[in-house]
Structure formats: structure tokens, C-alpha cells
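Below, each chain spelled out in residue letters.
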Amino acid sequence: MNSTTEKRIALISVHGDPAIEIGKEEAGGQNVYVRHVGEALAQLGWEVDMFTRKVSLEQDSIVQHSEHCRTIRLKAGPLEFVPRDEIFGYLPEFVENFVKFQVKNGINYQLVHTNYWLSSWVGMELKKIQGIKQIHTYHSLGAVKYNTIDNIPLIASQRLAVEKEVLETAERIVATSPQENQHMRSLVSTKGNIDIIPCGTDIQRFGSIGRDAARLELGIAPEAKIVLYVGRFDPRKGIETLVRAVNESQLRESNNLKLIIGGGSTPGNSDGIERDRIEQIVNELGMSDLTIFPGRLSQDILPTYYAAADVCVVPSHYEPFGLVAIEAMASGTPVVASDVGGLQFTVVNEQTGLLAPAQDVAAFANAIDRILLNPEWRDELGKAGRKRVETKFSWDGVANQLGELYNEILGQTAKELEPALLTK
Ligand code: UDP
């Protein structure tokens, strides 16, 4: 195999380090996606290098995950945490260090898969410098997100321009749901090539434990009614809607109802501020006895939490995909989710869970109660959810589709290079 057809891929995720702990402010679905896609591609025979920004001197510059998969941390700006909306100015240094890394290691990447708009800019620069081919996954679209929040950040116009340019210039855009595809076409540009390849989940790990065993392990009574949230503390996640909905549940006065709000936070950071706000609402509503904040849930303990729950709620105002929904479904637990974005694709209303209008407290309360009050139906929904994830959302299936796409683009690259090689 020569260097142009070699199965080598660089995944770039500037702000979402695939090698760190998940569940905090800047570490969520994107980190999980890049890490799992990377590992699954390596299993399929790809040489996978995942690039991210180094945020402290103590962090290793290279983390080897398996023989053919590693995370490489490049310096770009100060060696400290920088919120994603403030990273753009440091990207030229990221590009410079990416190029230096290649020179130093004798590597010349033909193809880069970029993640989130910041990394897309890096990919577009590399295209100009070395003619690299680019595949891009947005993970979140500014054009959609800015419609759902009150405080539009200063970086917004830059982001919208970059998101349009990458859609029009990348070899291929990967939309993770038909809904995201539609948003790109209606809100960003009608130009450019889009493929739909969903996010995935670990179907061996999620679903490996049953409800009774999970409850025993967590010390939860068999008769308890458990409503579960998993995710970052971010106002767009709609945790407030969930808390208010549980407060309106018909089971509110029974001693069995419990609300578990899982996710990490750092005091003083934006997620710490949101957690304080949610705790305050819990206290104001007199719900502190029935609400549990277990903090960040490691990927090892998560399957047990999902399995122990009667229902998992994803009340986001906006959700490009929503890994939590498919993790819960893989664990056999029905999902009540906002009727938005990727959740409309993953959750089949009345079959694997229920969809409710975002921010509609009464609708969420009603949906949660319908499931809590009917354990047989809960189990049916749970089984159908598991089946849906098995057939559509396993990481292996997702990595297979991505691998085929990479091969297609690399094949085109090899063809384009052929005449030049022949004249040598
Ligand atoms: N997560 C976790 N521990 C936590 C909270 C979240 O491991 O305490 C993981 C969760 O399992 C999921 C990811 O973080 O894989 C969140 O992804 P999602 O797409 O739902 O939301 P995002 O964070 O990308 O907005």
C-alpha cells in the first residue's frame, strides 16, 4: 500500500478531548463520539490519530489508547482550560503545530475528519496549505442553537460564516440525523455534499445488567419509581423543565418517586452555576428529599443507572443528536425527550418512548406519568428501544459506514494523483 491509499485518518476535535473524563462542561457527546469512532476504526484496520488542544502542562502530549489509536495534544494558546467560545483566536497555532507534527513524524495526512465548527476551520486551513481532503461533523449548528438561547455570544457571526464555508467546501459533511441534514439545507446552505451517518453507542456495555440487579447494586428499592437525567449542566439541556415536570407528577406525594440528576460540574464554571440554579429550584419546590445529585457518572457505572431507571428524560431545548437517549434505549429503558432535532430520529414516539414539546412542563409531566403508571408498557417500550439501537446505532455499524466513506474519498484522492505519478 503506498502513502496515498494507506488507511490513515486524522480526527480533529480541538475543544473536545477524546482522552478525558466525560460528563463535565466541555466534555460530552463529542468526546464520546470521537473516542469511540477512533477506537472502532482502529479495529477495522485504520491508523487513527485524534488531535485535540492541550489544556495543562501535566497532560501527556500523546495518549496511546490501543496499538493503532492515539490522542495527540497540540499547544494552541495558554496551557489552561479556555471556554469554546474563546478558542477561535488560538486556532492558527493549532494548525501550525499540526503541520509541524507531520513533518517531525514523517506523516502526510490525506484526509481529516473534523468535529465542531472550530475544528472545521482548522481543516479548511489545512486544505489550503496541503490540499488535505475534509470530512466534517458539526455536532451542533450555530444557526439552530442561536434560535434557542437568549445570550448570543460575540463569536456568533464568525461561527455562522465558518459553518457555511465548510458545508460548501468539504468533500463530505456527515449529518448525524435526517433532522440535522434538513437544518443544514434550510438554515446554512443548499450547496455541498451531505451523508447521513448517525452517532452510535456501546451495545455490549449498555444493556449488560437488568433492572433488579442494577437496583440492588445502587441500593434502590424495587418499588421506587426512578426518573433519570444524565448529561451536562447547561441551560440548553432543559433540566429545569424536568424538575418542574416531576413536581407536577401524579406520584409527587407518594414516597416512591425519585429524581436522579446525574452529571458533573465545577463550582464557578458555567456548569457549576447551572447546577446551583437547578438545586435552588429543587429546594424552592420542596423536592430536595426526592432528588439525588450523584455528580459525574463514570462510563463504567452509567449502564447500572440507566438500567435501574423507569424512565430517562432528555428535556433539551435543542439537541443535534443526543447520545444519552440511545444509551438509555440500549439499556432497555424508555425515553421521554423533547420533540426536537436528533431526538425525533432516535426516539420513536409511542414505540421506544414519548416525545413532548420542548420546555412544556405539563406535557413532560404527563409523558413521565404515563410510563411510570404502566410498568408493562414501560417494559415494552424498553424492549423496542433496545432493538432499535441494536439495528441502527452500534459503534461498529457507525464506524463501518464512516470507513466506507473515508475509502471513497481516499480513492478519489488516489485517482486525482495518478496522472501526476505517471509523469514522474
Ligand atoms: N456523560 C457521562 N457522565 C455524566 C454525564 C454525561 O459519561 O455524568 C456522557 C453521556 O453518557 C453521553 C455524553 O456524556 O455519552 C453526553 O452526550 P449527549 O450527546 O447526550 O450530549 P452533549 O454533552 O453532547 O450535549
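Residues numbered from 1 in each chain as written. Predicted model: local features only at pLDDT ≥ 70, side-chain atom pairs only at ≥ 80, totals over all residues. Heavy atoms only, no water.

Undergrad: So, the overall build of the protein: which residues are in play, and what are the values?
TA: The secondary structure content of the protein amounts to 15 helices and 14 strands. At 22 Å, the protein has a C-alpha radius of gyration in line with the 22 Å of a compact globule built from 424 residues. Counting only C-alpha atoms, the protein reaches 80 × 45 × 40 Å along its principal axes. Out of the 424 residues in the protein, the part that is buried amounts to 58%. Put simply, of all contacts in the protein between residues at least 6 apart along the chain, 66% involve residues at least 24 apart. Surface summary for the protein: the accessible area is close to 17600 Å², and the carbon and sulfur share equals 48%. When the 43 basic and 55 acidic side-chain charges of the protein are each reduced to a single mean position, those positions are 4 Å apart. (Helix = DSSP H or I, 4+ residues; strand = E, 2+ residues; numbered from the N terminus. Rg over C-alpha atoms; globule rule 2.2 N^0.38 Å. Buried < 20%, exposed > 50% of the residue type's maximum accessible area, 1.4 Å probe, protein only. Contact = heavy atoms within 4.5 Å. Areas by Shrake-Rupley, 256 points an atom, 1.4 Å probe, with all protein chains shown as cover. Lys, Arg positive; Asp, Glu negative; His and termini not counted. Charge placed at Lys NZ, Arg CZ, Asp CG, Glu CD.)

Undergrad: I'd like to hear about the pattern of salt bridges, residue by residue, with values.
TA: With the rule as written, the count across this model stands at 26 salt bridges. Measuring nitrogen to oxygen at the nearest pair gives 3.5 Å for the salt bridge that ties K100 to E96. One end of the pair, K100, and the other, E96, are both in helix 2 (residues 91-105), 4 residues apart, so they sit about a helical turn from each other. One salt bridge in this structure joins R232 and D234, with 3.5 Å as the shortest N-O distance. Judged by relative accessible area, which is 12%, R232 ranks as buried. Accessibility expressed as a relative area gives 18% for D234, which makes it buried. Connected via shared salt-bridge partners are R211, R215, D310, R378 and D379. (Salt bridge = Lys/Arg side-chain N within 4 Å of Asp/Glu carboxyl O.)

Undergrad: How would you summarise the environment of G38 if you had to cite specific residues and measurements?
TA: Relative to the elements of secondary structure, G38 occurs in helix 1 (residues 29-43). A relative accessible area of 0% means that G38 is categorised as buried. Put simply, G38 and A224 are 186 residues apart on the chain and 39 Å apart in space, counted from C-alpha to C-alpha.

Undergrad: Please give an account of the site of the ligand that cites residues and values.
TA: Residues in contact with the ligand amount to 21 residues; listed here are only the nearest, G29, R232, L297, Q299 and E327. In this structure, an oxygen atom belonging to the ligand sits 2.7 Å away from a main-chain N or O atom of G29. Between the ligand and R232, the relevant distance is 2.7 Å, taken from an oxygen atom to a side-chain nitrogen or oxygen of the residue. Isolated, the ligand exposes 540 Å² of accessible area, and the fraction of that covered by the protein chains is 94%. Mapped onto the shell around the ligand, the elements with two or more residues apiece are helix 1, helix 10 (302-308) and helix 11 (323-330). No other element matches the 3 residues that helix 11 contributes to the shell around the ligand. (Near = heavy atom within 4 Å. Polar contact = N/O pair within 3.5 Å; in protein donor to acceptor, adjacent residues only side chain to side chain.)

Undergrad: Residues and numbers for the confidence of the model for the protein, please.
TA: Taken as a whole, the protein shows an average pLDDT of 93; of its residues, 95% reach a score of 70 or greater. Low confidence marks residues 1-5, where pLDDT is under 50. Its contacts with residues over four positions away, or in another chain, come to 8 contacts. Per-residue pLDDT stays below 50 along residues 420-424; that stretch engages in 0 contacts with residues further than four places along the chain or on separate chains. (pLDDT = per-residue confidence, 0-100.)

Undergrad: Which residues make up the packing of helix 13 (residues 361-372) against helix 14 (residues 375-392), and what are the values?
TA: Here helix 13 crosses helix 14 at 100°, and the two axes come no closer than 6 Å. By the angle between their axes, helix 13 is roughly perpendicular relative to helix 14. Where helix 13 abuts helix 14, its residues R370, I371 and L372 lie against P375, W377, R378 and L381. A per-class count over the contact of helix 13 with helix 14 returns 5 nonpolar, no polar and 2 charged. (Axes fitted to C-alpha atoms, helices over the stretch in contact; angles between N-to-C directions. Parallel < 35°, antiparallel > 145°, perpendicular 65-115°, else oblique. Nonpolar A, V, L, I, M, F, W, Y, C, P; charged D, E, K, R; others polar.)

Undergrad: Residue-level account of unusual backbone geometry, with values.
TA: With a phi close to 80°, Y116 is a non-glycine residue in the positive phi region. Residue position: Y116 is located in helix 3 (residues 116-130).

Undergrad: Can you break down the pairing of strand 7 (residues 172-175) residue by residue, with the values?
TA: Burial along strand 7 is two-sided: R172 and V174 and I173 and A175, pointing in opposite directions, are all buried. The pairing of strand 7 with strand 8 (residues 194-196) spans 3 bridges and is parallel. Paired with V174 across the strands is D195, a residue of strand 8. (Pairing = 2+ DSSP bridges.)

Undergrad: Pulling in residues and values, what's your account of the side chain of K237?
TA: With respect to the helices, strands and loops of the structure, K237 is situated in the loop between strand 9 (225-230) and helix 8 (239-247). Looking at K237, the relative accessible area reads 13%, which means it is buried. Look past the residues within four positions of K237 in its chain and what remains in contact with it is Y229, R232, P315, S316 and E319.

Undergrad: Which residues make up the sheet that holds strand 6 (residues 133-137), and what are the values?
TA: Each strand in a sheet pairs with its neighbour through backbone hydrogen bonds, running either in the same direction (parallel) or in the opposite one (antiparallel). Across the sheet, which stays open at both edges, the 8 strands sit in the order 3-4-2-1-5-6-7-8 with mixed pairing between neighbours. The open sheet has two edge strands, strand 3 (62-66) and strand 8, and neither has a second partner. Ignoring which end each strand starts from, the neighbouring axes of this sheet average 20° apart. Relative to strand 4 (residues 69-74), strand 3 runs antiparallel, the two sharing 4 bridges. Bridge pairing in strand 4 links I62 to I72.

Undergrad: How would you explain the sheet that holds strand 9 if you had to name every residue and give the values?
TA: In space, the 6 strands of this open sheet follow the order 11-10-9-12-13-14, with parallel pairing throughout. Every other strand in the sheet has two partners, leaving strand 11 (291-295) and strand 14 (353-356) as the edge strands with one partner each. The average undirected angle you get between the axes of adjacent strands in this sheet is 20°. In this structure, strand 13 (residues 335-338) lies alongside strand 14, joined through 4 bridges in parallel fashion. Each residue of the ladder has a partner; that of A337, found in strand 14, is L355. In this fold helix 8 packs onto strand 9, strand 10 (257-262) and strand 12 (311-314), with an angle of close to 170° to the strand it touches most, strand 10. The strands that helix 13 touches are strand 9, strand 10, strand 12, strand 13 and strand 14; relative to strand 13, the one it contacts most, it runs at about 165°.

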